[in-house]
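# Fold and contact review
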Amino acid sequence: MGKRYPGIRTLVRGEKYEIFWQVDGYKSQHRVMAASEKEASLIRAEEMAEHRKQLSVPKSERERLTSSFADIWENLKRDILG
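Residues numbered from 1 in each chain as written. Predicted model: local features only at pLDDT ≥ 70, side-chain atom pairs only at ≥ 80, totals over all residues. Heavy atoms only, no water.

This part takes up the pairing of strand β3 (residues 26-33). Across a regular strand the side chains alternate sides, sitting on one face of the sheet and then on the other. Of the pairings in the sheet, the one linking strand β2 (residues 16-23) to β3 comprises 8 bridges and is antiparallel in character. The residue of β3 that forms the bridge with E18 is R31. The hairpin turn running from β2 into β3, its antiparallel successor, is 2 residues long, and D24 in that turn takes a positive phi close to 50°. (Pairing = 2+ DSSP bridges. Helix = DSSP H or I, 4+ residues; strand = E, 2+ residues; numbered from the N terminus.)

Considering all chains together, one arrives at 3 salt bridges under this definition. When the shortest N-O distance is used, the salt bridge between R9 and E18 registers 2.6 Å. Looking at E18, the relative accessible area reads 9%, which means it is buried. Here K77 ties to E74 by a salt bridge, and the two come within 3.9 Å at their closest N and O atoms. Taken as a pair, K77 and E74 lie in helix α3 (residues 69-81) at a separation of 3 residues, close to a single helical turn. Exposure remark for K77: the relative accessible area of 38% places this residue in the partly exposed category. For E74, a relative accessible area of 46% gives the class partly exposed. (Salt bridge = Lys/Arg side-chain N within 4 Å of Asp/Glu carboxyl O. Buried < 20%, exposed > 50% of the residue type's maximum accessible area, 1.4 Å probe, protein only.)

We now examine the packing of aromatic side chains. Following the criterion strictly, the structure yields 2 aromatic pairs and no others. Between W21 and Y26 the ring centres are 5.8 Å apart and the planes differ by 50°, which places this aromatic pair in the tilted class. Its relative accessible area of 7% is what places W21 among the buried residues. Ring centres 6.2 Å apart and planes at 20° place the aromatic pair F69 and W73 in the stacked group. With a gap of 4 residues between them, F69 and W73 both fall in helix α3, about one helical turn apart. (Phe/Tyr/Trp six-rings, centres within 6.5 Å; stacked < 30°, edge-to-face > 60°.)

Just distances and angles here, no functional claims.
Have a look at this one:
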């Protein structure tokens, strides 16, 4: 019997796995294509780290990073002129 990974459920051995995790009240559960449970576990760890990183960024900073060029240009013009 192989090693068991927490938060990983085998659907089709060596092909499809279901991963689930919870960070700060946010729950995620979905299926991934992976060659092994270890690879699925790495995908799970990456997703959890990415979610934690997004939580650490303030909302105003997140909006700045995801805004369109037109919004950035208007804000720049307003800051320079105003």
